[in-house]
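For reference, the chains in residue letters:
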Amino acid sequence: MKNISSVIGFTCFFLLMVLSKAYSYNFKETSLQPFQLHDGDRVVFLGNSLMEDDQRYGYIEFALTTRWPDSDVTYRNLGWSGDNVFGKARSYYTPNPGPYKLMIQQLKDANPNVVFIAYGAVESYKGKKGLPHFRKGLNQLIDKIDSIGAKSVLLSPLPQMDKRTSIENLNAHNNELENYTSAISDIASQRNLRFIDLFTPIKHLNNKVGLTTDGIHLNEMGYYYLTSLISSGLDLPKRNWSIEINLSNGKVNTKGAEVSILKMDNDKTQFQVKDHYLPLPAPPLTQDLEVRLPPLGQNFNKSVPPFIEKQVGDAHRIKITGLKKGCYSLMVDGAQAASASAKEWAQGVVIHDGTSFRQAMQLRYKILEKNKQFFHQYRPLNRTYLIGFRTYEQGQNYKELKELDMFIRRLEEQIAELRVPQKNDYQVVAVK
Amino acid sequence: MGKMNLEKLKFAGFKGLFHRMSRTVWYFFKQFGIKSTAINLFVILFIILFNSLVWAQGNLKDIPNPDPQNELEHMHIEDGFKINLFASDPMVVKPIQMNWDAQGRLWVVSSTIYPHLKPGDEPHDKIYVLEDTNGDGTADKSTIFADGLLTPTGILPGDGGVYVANATEILFLKDTDGDGKADVRRRVLNGFGTGDVHHLIHTFRWGPAGKLYFNQSIYIYSHIETPFGPKDLEGGGVWQYDPQTLRLNIFAKGLINPWGHRFGRWGQSFLTDGAGREGINYAFPGATFTSWAGSEKIIHGLNPGQPKESGLEVVSGRHLPKKWQGNLITNDFRANRINRFVLTEQGSGYTSKQADDILWSDDVAFRPVDVSVGPDGALYVLDWYNPIIQHGEVDFRDPRRDHQHGRIWRITAKDEPLVNPPKLVGASTNELLDALKLPEKWSRDQAKRLLKERGAEKIMPKLKKWVKNLDENDPDYEHNLLEALWVTQSVHVVDKPLLTSVLNADNHNARAAAVRVLSSWYDKIDGARELLANAAKDKAPRVRLEAVNGLRKYHSADAAKIALSVLDQPMDNFLDFSLWKTVRELEPYWLKKLKENPNYLGDSNKKAYALKSVNKQEAVSMLLQLYVKGQVPDKYRNDVLSSVARSGGVSELNTLLDLVFNDAKYQEKYLNTLDQAFQQQGMKPDNDIDRINNLVSSDKNAIKISAIRLIGDWKLVKYRQRIIALARNSDEDIQKAALSALSSLGDDQSKKAIMTMAQKNNSSQLRVLAIKELVSINLRNAASSTVDLLKDDIGESEISDLFATFISQKNGIQVLADDLGNNKIPKDMADIGLREVQRKLPSHRREDDDVKALINALKDSGGEFPPERMSQQLSSDQINRLELQIKAGADPVKGEKVFRKLSCMNCHALGGAGGHIGPDLSSIGANAPTDYIITSVLQPSADIKDGYELNRVVKNDGSVLMGYPVSETESTVVMENTNGDKLTIPKSQIDQQNVVPGSLMPPGLTSSLTRDEFVNLIGYLSKLGEPGDFRVSKTRYIRNWMTLAGDDDMTAIINNNGLKSIAGDNDNLQWNSVYSEVSGKLPLDELPVIHLNSGNFSIISFKINVLSRGIVDLNFNNAKGIRAWNGQESLKVNPNGIEATLNKGMHTISLAVNRDSFDSNSILIQLGEPENNPAQTRLVLDN
């Protein structure tokens, strides 16, 4: 029984993947290989604040990390606020090495196989007359990345989403951003690179409130939503699963997870689930404010704005038909994760809690922690004295930066363990 | 006897030791009523005994006792005041900045992580909130509002929470559930640089109209993305942010480490700089100050040569003395003291004078870094408490760094009632509005914040009514109106009637503030431009200044035209800067218009001003046409000529060449400009340029030399033979010019001529000059000629010169070393060579291969380094022993003589006078531990102060310049070398420019000293800035002098032309810089004596800058036998000095001191204080 259902689940999933691939291939008319990360790969995020700010949320990195749970892929975030394709924001008092050289050095030190590049937002303020310079810079940067043997993935800038500036200014600036988006898209197709358009889908969102802190910087919710755009831009399937159990006829239908049924009874239905991918826990609902992540073990906020939930669509859903009237709880590994009436179960209940959500949260913490340690290493405070031209004063303390390797490595080991989905015990039991 | 010895001992550098060790003994005896002489005797014995004990502890360090009571006992406070401990560790630890909230709670950011997070550690810095709940003047409650921060350096409560600087970001933290701890954390801005933790964004203050101001320092390069585009600031400056509109702007630029900013009663900005040397800085929108980032024009601080200061407060309120109102209080944290400055309005800015210190301490850990008048009217001082303040120079992990203490002190006036602060939180809007009338700025500012937070809708109707009901007879009526105007601005309501009434105020301060508000509404008010035009004609210069700043925002020609109307009234430095900036920024608009209509900008004065402010050829062309017609005011002549040199094209240079022949009066200036144009742009005229040859026959040497130089610049090879002949002339200056011209001609025959002149059978003088040219033409040939020359007998100074030439040429050392390796030279020549290596090469070069090769080659010829008398390589034990010897027995008076003998002041200033190549040493002793001073002198490159980063410029011709960048324009870089010369280098000639590790201070500088001399020197340095005889007094003594060389030439010139020939500009006289001692005295025995027929004289001169015409008082310690001139005009000398009426401007005062009748051994001249003088004057510290 259990084997059949999982086989069906797998088949459906596989078909879905193939179909979605075929679908997107037809539309894009490119000869791109499917996006795939491999054991030992190093992924680098390069760009302006769009990339840098993910260090605070870890969503993009989480989304990729959990896609290849069995492959050892590591990530380095080199995003830098205010940056452009020439690395302008990486300037220090010392003229050497100079911001561009420093950017390239940082790239080389990170030793990437894949580089996600997100530029254009800072440049867009230069308008049309800045486009040729931008194109030249982006091509030069991609050449450089090619030369170190890495593959580039290009991201568009975001539209500006703020009402504080006049609507005329907002539209004018968004036109510029659109021009830069097209320029990036053109370069991608000329060079046969993968391009992810973040601009268009966000522009067409009806409700953009609650995605940014100031119209240009995404907040946690914004990054949560962004991961869905990036995943679909990479043609990765959705990570939701659904389990349908018909108690009357014993039929089981599953999608997106490995499921084995242990017991089917009105008072207690027991099954084991292993997610294909860990779920993507939604952030707490906030407007402008970034609230610190809740401490581990605390329940997550379930009130994701519907339009976003629909877009992200990464839910877990359990449907049980044939239950007798009454109230039933879902216990995951012995802890209550949901509660609903027989009628609600028959319609399907969306699950936001359970061991895999907790594991996912823990993983996100480790990613954030790893990124902090890396930040202290690659962009250290007091750079002037530790690596810069006043090294002769504090150069002896440079070793401290090296010591951070140890901390980063330890965290990456923990990440490697946490990214693998576990088999969890699910029980739907009648509440007496 | 006891007393005398004690004094001597104290003098001898014992003071710190004495204080710490004797205090316990002293109190012990005091209890038994034993007389002080007896105690003194005992103390001496005790010290002698204890001293041997100290010697036994080789690594004892001076870590002060951290007990706050101990710190308190070391404080010396101005009469009439008292100080108490408000809070100390553990209630507050390592405080960095503080600000008050409306409830009267003190918010403090703290960093125990500073200077650097340990690897793997979680950031754990905190925000403390301190409260004095029972009003007894000490904090009794301390709450940790937030934790987990990374070296936070700024804090400001407001908008229901608190803004915090947290490394790359500004956070807004808020407590939503009332438990006193932040539970919401929002990132407000991100992208601030972190290259240097002691420069991170800091000094958070609310501006008068609700904007958030904060500063960053020189190593911080920030790139912020805002909804209005990216904002970049690379270097020091002041940011301005509106948290409501999200607009971020740069308010002012520059300064090295500006850790102080406050707004005056009328919204004026004042800044202090913890690493600059100009005291109080007056700032306004667009102001640009000293900074290595460079600007063609900058504004200077108001107290040149004053200590470096951190934190700032403007005194207001009823508790502190009336005479202090409006004074500025800031911290000389290096010297452990709190300073007060008195401001006086001067033109569109201010003059500032240092008053008596409020407090000083001889506890080196007392580090006042922020200062603030509290809700009770008392003065609160934030004490970072640390014996170590060097950020980069002392190891981050040095155990002497304090990570656990911190204090907040409270200074009150004795017998003066405290202020009862108004209850603002929960007050009605009307009560808040009434608080705007209070004399305490604390209360007004907090009320304004609360009004702003209530929002426009709630407050505007009440505010309008309140304004209407204001009493027009109240002396503060106009200030009350202004406060209301600021409130409307803070809630983004444009209230034109209110603005108009303040624009029309009688008080010019109110008008100036209103013009700034108007400028921020320039696009929101009908007729704003006309209002600014009126303001530009205001009778008060500061109102005009604000108008000129405001006009910068209009992108139009008309705005420039209006701004230029300020030229109809007197100008000053601030106005000149502001107008220059406005005109320059608006150039794209007015220059077009001016081409269509030559009279567009008004009279020729305005037109010339505008044209000389921009670097564009078409502007220069118009400017020069105006000049030729005689329509440019004389005072702009030099500006016109430097514009031509910088941006003129061929046709302008043709015009200039015509002027050379048509306007004899300024012939020399025109010739120099032509040379400059070639140097800076490689540009030359093309119209009949051969006529320059006629001037080679000029009987004036200067003209002749210029002409020779231009023949070279312009490559007029047909005159080669004539130039070759001139190279053999007897006059060295002409020889030099001719050789340089040959080198510029650059053709083979000219090169050959130089080579020939570098060879035997020429005079050694010619050979040396020729070799110096040859190094950039043919280095190998130059090297072999040099080695030949060294085998002959030539003068010592010429040899030094030659070595210096090779040292400053790219590859020069290597090539010379190669040649010397194959050829032996006489030992005495090799000795001189090694001496030059020791003197001229910065320490970091000694380990390089080429230098090692040169040293070996010279040693092969038998050369030896001059014997080192004072060992320059000391182990840390040896340094410790030396330190103890210094503390026990150094004689700082003798040390000062050594300091002067070594000419340290050519590079290091004291009280602002002296060279600026190295750091000002005025407070080095109070600031730095003795071992640090020893190491800095022995190994100058080990520790470099911020702003003293050595630059290495390699020019296209291979020559290398080492120096410090002073300023930068579009086309040139100005560098200062060790001689203090400012060299302008065209960017087109620069091949490479790097910051290099190391110092210009040569190592081995002290190797010729005996150990005693060295001990005395360090003893002197370690006394500098400490209370006593070695602290630069705030009295305005003349410190920067010129003196006439005592050689035969000078004697002959003066004998021939009379003593008065020394006065005024006489090009034939050779003046050298000399500087006063710390005390201000200029020792006579260091001055050259000129033996004239009429007696023996020393000739000295100095400059003073008169800001407004009036009587200037110069007080002499002794005026016997002194004659004086102002320019060429003779001055009357009274027994106690000079009293003279002087016009506005720079004056050179020359003195002839008759050494036969003058009977003091030094001369001390004090410039009278401004309040006693109708004239306002400023000391001139730069030559």
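These figures come from a predicted structure and were not determined experimentally.

To continue, consider the overall build of chain A. The number of helices and strands found in chain A is 15 helices and 14 strands. Looking at chain A as a whole, 58% of its 432 residues qualify as buried. Taking the contacts inside chain A whose residues are at least 6 apart along the sequence as the reference set, 76% of them involve residues at least 24 apart. Approximately 18200 Å² of chain A is accessible, and the part contributed by carbon and sulfur atoms is 53%.

A few words on the nonpolar core. In terms of nonpolar packing, the biggest core is built from 229 residues, with Ile127, Trp590 and Ile692 of chain B touching the most fellow members. If near-sequence neighbours (up to four positions away) are discounted, Trp590 of chain B is found in contact with Ala557, Ala560, Val583, Leu601, Ala610, Leu611 and Val614 of chain B. By size, the runner-up hydrophobic cluster in this structure holds 44 residues, among which are Leu37, Met51, Val114 and Val153 of chain A.

This part takes up the pattern of salt bridges. Tallied over the entire structure, the rule returns 71 salt bridges over all chains. In this structure, the salt-bridge partner of Asp353 of chain A is Arg358 of chain A, at a minimum N-O distance of 3.1 Å. Overall, the relative accessible area of 30% leaves Arg358 of chain A in the partly exposed class. Two residues, Arg265 of chain B and Asp476 of chain B, come together in a salt bridge whose shortest N-O distance is 3.2 Å. Of this pair, Arg265 of chain B sits in the loop between strand E17 (260–263) and strand E18 (269–272) while Asp476 of chain B sits in the loop between helix H6 (456–468) and helix H7 (477–490), placing them 211 residues apart in sequence. Beyond isolated ion pairs, a larger network of salt bridges with shared partners links Lys441, Arg444, Asp445, Lys448 and Glu483 of chain B.

Residues and elements named next belong to chain B. Turning to its location among the elements, Glu896 is positioned in helix H31 (residues 892–901). The side chain of Glu896 sits in the buried core without any salt bridge; Arg900 is the nearest counter-charge, 4.8 Å away. Among all residues touching Glu896, those that are not within four sequence positions of it are Tyr1020, Phe1030, Glu1077 and Val1078.

Attention shifts here to the interface of chain B and chain A. Counting residues at the interface gives 60 residues for chain B and 54 residues for chain A. Here chain B and chain A share an interface that buries about 4700 Å² over both sides, 53% of which is from carbon and sulfur atoms. Taking the shortest distance from any N to any O, the salt bridge between Lys88 of chain A and Asp232 of chain B comes out at 3.0 Å. Across the contact surface, chain B and chain A share 27 residue pairs in polar contact (both at pLDDT 80 or more). Elements represented by at least two residues in the side of chain B that touches chain A include exactly strand E10 (184–190), strand E13 (221–226), strand E14 (229–234) and strand E32 (990–995) of chain B.

Residue and element names in this part refer to chain A. As summarised here, the arrangement of the 5 strands in space is E2-E1-E3-E4-E5, forming an open sheet in which the pairing is parallel. What marks the edges here is a single partner per strand, and that holds for strand E2 (74–77) and strand E5 (194–196). Averaged over all neighbouring strand pairs, the angle between strand axes comes to 20°, with direction disregarded. Of the pairings in the sheet, the one linking strand E1 (residues 42–47) to E2 comprises 4 bridges and is parallel in character. Residue pairing across strands places Arg42 opposite Thr74, the latter belonging to E2. Running at roughly 160° to E1, helix H5 (residues 99–110) makes contact with E1, E2 and strand E3 (114–118) of the sheet.

A word on unusual backbone geometry. All names here are of chain B. Note the cis peptide between Asp89 and Pro90, where omega equals 5°. Relative to the elements of secondary structure, Pro90 occurs in the loop between strand E2 (81–88) and strand E3 (95–100). The omega torsion of the bond from Tyr114 to Pro115 falls at 5°, within 30 degrees of zero and hence cis. Here Pro115 is to be found in the loop between strand E4 (106–110) and strand E5 (125–131).

Moving on, we come to helix H12 (residues 355–378) of chain A. In an α-helix, one full turn covers 3.6 residues, which means residues spaced three or four apart are oriented alike. Along its 24 residues, H12 of chain A runs 34 Å from first to last C-alpha, staying within 8% of the 34 Å computed at 1.5 Å per residue. Extensive coverage of H12 of chain A is indicated by the burial of 18 of its 24 residues.

So, on to the domain arrangement of chain A. Residues and elements named next belong to chain A. Domain boundaries assigned for chain A yield domain 1 (1–31), domain 2 (33–233) and domain 3 (238–432). The gap between the C-alpha centroids of domain 2 and domain 3 is 26 Å. Contacts between domain 2 and domain 3 engage 45 residues on the former and 43 residues on the latter. Counting the surface lost from both domain 2 and domain 3, the interface buries some 4000 Å², and carbon and sulfur atoms represent 57% of this. Together, Phe62, Met221 and Tyr224 form the three largest contributors to the area buried by domain 2 at its contact with domain 3, with a combined 18%. We note a salt bridge from Arg364 to Glu220, for which the minimum N-O separation is 2.9 Å. Counting the contacts that link domain 2 with domain 3 gives 14 residue pairs in polar contact (both at pLDDT 80 or more). Put simply, the parts of the chain that give the side of domain 2 that touches domain 3 at least two residues each are helix H3 (54–57), helix H4 (59–65), E2, H5 and helix H9 (220–233). Ranked by residue count, the leading element in the side of domain 2 that touches domain 3 is H9, at 6 residues. Across the side of domain 2 that touches domain 3, the residue classes break down as 19 nonpolar, 17 polar and 9 charged.

For the rest of this paragraph, the subject is the sheet that holds strand E27 (residues 407–413) of chain B. All names here are of chain B. Reading across the sheet, the 4 strands line up as E2-E27-E26-E25 and stay open at both edges, with antiparallel pairing between neighbours. Of all the strands in the sheet, the pair left with one neighbour each is E2 and strand E25 (368–373). On average, each strand axis in the sheet is tilted by 25° relative to the strand beside it, whichever way the strands run. For E25 and strand E26 (residues 379–383), the ladder comprises 5 bridges, and the chain directions are antiparallel. In the sheet register, Pro368 faces E26, and the bridge partner there is Asp383.

The next point concerns the pairing of strand E9 (residues 268–275) of chain A. All names here are of chain A. With 6 bridges joining them, strand E8 (residues 257–263) and E9 adopt antiparallel strand pairing. Residue pairing across strands places Val259 opposite Val273, the latter belonging to E9. Between the end of E8 and the start of E9, which pair antiparallel, lie 4 residues. Both E9 and strand E14 (residues 423–430) contribute to a ladder of 7 bridges, which runs antiparallel.

Calculation criteria
Residues numbered from 1 in each chain as written. Chains lettered and ligands numbered in written order. Predicted model: local features only at pLDDT ≥ 70, side-chain atom pairs only at ≥ 80, totals over all residues. Heavy atoms only, no water. Helix = DSSP H or I, 4+ residues; strand = E, 2+ residues; numbered from the N terminus. Buried < 20%, exposed > 50% of the residue type's maximum accessible area, 1.4 Å probe, protein only. Contact = heavy atoms within 4.5 Å. Areas by Shrake-Rupley, 256 points an atom, 1.4 Å probe, with all protein chains shown as cover. Core = buried A, V, L, I, M, F, W, Y, C linked by side-chain atoms within 4.5 Å. Salt bridge = Lys/Arg side-chain N within 4 Å of Asp/Glu carboxyl O. Lys, Arg positive; Asp, Glu negative; His and termini not counted. Buried area = accessible area lost by both parts, 1.4 Å probe. Polar contact = N/O pair within 3.5 Å; in protein donor to acceptor, adjacent residues only side chain to side chain. Pairing = 2+ DSSP bridges. Axes fitted to C-alpha atoms, helices over the stretch in contact; angles between N-to-C directions. Expected span 1.5 Å × (residues − 1). Domains from an automatic or database assignment. Nonpolar A, V, L, I, M, F, W, Y, C, P; charged D, E, K, R; others polar.

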